[in-house]
Amino acid sequence: MSAEVFNDASSDPYAVPEGHKSGFVAVIGRPNVGKSTLMNHYVGEKVAIVSSKPQTTRSRILGILTRETCQIIFVDTPGIHRPLHRLGEIMVRTATSAIPDADVVLFLVDASVPPQEEDRMIARILAEQTDAPIILVLNKMDRLPPENVEPHTEAYWDLAPFHDEWMMTVATEGTNLDALLERILAVLPEGPRYYPREYITDQTERQIVAELIREQVLRHTYHEVPHSVAVVVEEFKEREQDVTYVAANIFVERESQKGIVIGEKGRMIRQIGLNGRRAVERLVGGKVYLDLWVKVRKMWREDERQLRHLGFEGP
Ligand SMILES: Nc1nc2c(ncn2[C@@H]2O[C@H](COP(=O)(O)OP(=O)(O)OP(=O)(O)O)[C@@H](O)[C@H]2O)c(=O)[nH]1
Ligand SMILES: [Mg+2]
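Residues numbered from 1 in each chain as written. Chains lettered and ligands numbered in written order. Predicted model: local features only at pLDDT ≥ 70, side-chain atom pairs only at ≥ 80, totals over all residues. Heavy atoms only, no water.

Caption draft 1: Representation of unusual backbone geometry. The backbone phi angle of aspartate 242 is positive, close to 60°, even though this residue is not glycine. You can see aspartate 242 is positioned in the loop between strand 7 (230-239) and strand 8 (243-252). Owing to a relative accessible area of 59%, aspartate 242 belongs among the exposed residues under this scheme. For lysine 265, which is not glycine, the phi dihedral falls at a positive 50°. (Helix = DSSP H or I, 4+ residues; strand = E, 2+ residues; numbered from the N terminus. Buried < 20%, exposed > 50% of the residue type's maximum accessible area, 1.4 Å probe, protein only.)

Next comes the structure, spelled out in structure tokens:
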């Protein structure tokens, strides 16, 4: 092999052209504003689950967008809120700890409503904890009646006077997300390709599978139940004839919640299992046998030992 061929840029997953840009873009905001939806759009895959219920995302999740000239590592974070239990505290700490490390911060807000107390709290944290460029993202513009456009946008500008750029978006439809990407690129520093080209997230397949199952529980349950659920994949292996066998525990906090998740004559758990299996089949690209077990772990959201067992150690 000649030296020329050996040095061919295409054979080295980390080789980048001159002027290549890269960095970590933290997506920060209160629960339910559309952070995970936005990141998934850029990555082109569901790397973070999405639901209409607040506090869906519980950990820091990377979503990696790689192009020839850039690599943007989006850092999706749990919604920052006033925590009511130990899990909430860990989630908020996880989110805030992503701020000082970020090369760019996206401060996402739900522009269809005026600024909330949590938005004010986040603005104070951002003002204190970073010198990185901050882009104010006014999301859910599709829900904003024309007469509220001016008062709401002005209220958010006043809330975050330190922002360097701003953009109105509809994350669910991808509206203005190309323009937002250009703004991100404009302030992103030059840097290496941190992850190989084909990487889109830092999560393991097991973690993604557990999240896909939790997403189905979130879709089908209400009130306190979605918040009381944790999912752990206990087994994940290929069995005969290309069928992947997945066994997962769905933990709830109370017997009554177990009854709700199982449902009358097992109807609810069958529905969660059916939709969960389809989601996992899309992920693995083949047939899946999904074995779900519902178990009670009393007050796990307050219990350090249980939280650790479930993978919530915080930063
Ligand atoms: N109408 C509308 N809905 C949106 C938009 N962006 C996100 N949503 C919806 O808002 C809900 C919350 O979206 P997520 O992406 O889970 O929000 P999040 O900020 O990640 O929420 P947490 O993980 O709980 O902090 C979902 O039902 C989304 O479909 C938008 O631009 N317009
Ligand atoms: Mg989220």
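That covers the picture; the talk isn't over yet.
Caption draft 2: Quick peek at the sheet that holds strand 8. Spatial ordering of the open sheet is given by 7-8-9, a layout of three strands whose pairing is mixed. Two strands close off the open sheet at either side, each with one partner strand: strand 7 and strand 9 (288-296). Here the strands of the sheet are splayed against their neighbours by 15° on average, with no regard to which way each runs. Alignment of strand 8 against strand 9, held across nine bridges, turns out to be parallel. Its bridge partner being in strand 9, alanine 248 is matched across the sheet by leucine 292. Sheet contacts for helix 8 (residues 255-262): strand 8 and strand 9; angle to strand 9, the most-contacted strand, approximately 155°. Where helix 9 (residues 267-284) meets the sheet, it contacts strand 7, strand 8 and strand 9, and its direction lies at approximately 135° from that of strand 9. (Pairing = 2+ DSSP bridges. Axes fitted to C-alpha atoms, helices over the stretch in contact; angles between N-to-C directions. Contact = heavy atoms within 4.5 Å.)

Caption draft 3: Structural view of the packing of aromatic side chains. This structure, assessed with the given rule, holds six aromatic pairs. When the centroid spacing of 5.5 Å and the interplanar angle of 50° are considered together, the rings of phenylalanine 24 and tyrosine 194 count as tilted. In this pair, phenylalanine 24 is assigned in strand 1 (residues 21-28) and tyrosine 194 in the loop between helix 6 (177-187) and helix 7 (205-220), connecting sequence segments 170 residues apart. A residue is classified by how much of its surface remains accessible, and tyrosine 194, at 38% relative accessible area, is partly exposed. Here tryptophan 300 and phenylalanine 312 contribute two aromatic rings whose centre-to-centre distance is 6.3 Å and whose plane-to-plane angle is 15°, an arrangement assigned as stacked. Remark: phenylalanine 312 occurs in the segment after helix 10 (304-309) and tryptophan 300 occurs in the loop between strand 9 and helix 10; sequence separation between them is twelve residues. You'll find tryptophan 300 and phenylalanine 312 in the same group, each marked buried. Above the plane of the ring of tyrosine 222 lies lysine 53, whose end atom (NZ or CZ) is 4.5 Å from the centre. The ring of tyrosine 245 has arginine 239 lying over it, and the distance from NZ or CZ to the ring centre is 3.9 Å. (Phe/Tyr/Trp six-rings, centres within 6.5 Å; stacked < 30°, edge-to-face > 60°. Lys NZ or Arg CZ within 6 Å of the ring centre and 35° of its normal.)

Caption draft 4: Examining the coordination of the magnesium ion (ligand 2) more closely. Bound to the magnesium ion (ligand 2) are the protein donor atoms Ser36 (OG) and Thr57 (OG1), situated 2.0 to 2.1 Å from the metal. With a gap of 21 residues between them, serine 36 in helix 2 (residues 35-43) and threonine 57 in the loop between helix 2 and strand 2 (61-66) connect regions that are remote in the sequence. Exposure class is identical for serine 36 and threonine 57. Each is buried. (Donors = N, O, S within 2.8 Å, 3.2 Å for Na, K, Ca; no water.)

Caption draft 5: Summary view of the pairing of strand 1. For strand 1, the tally of buried residues reaches six of eight residues, placing the bulk of the element in the interior. Both strand 1 and strand 3 (residues 70-76) contribute to a ladder of seven bridges, which runs parallel. Bridge pairing in strand 3 links glycine 23 to isoleucine 72. Two strands pair when backbone bridges link them, and strand 1 and strand 4 (residues 104-110) are joined in this way by four bridges, in the parallel orientation. When the sheet's bridge partners are listed, isoleucine 28 is paired in strand 4 with phenylalanine 107.

Just distances and angles here, no functional claims.
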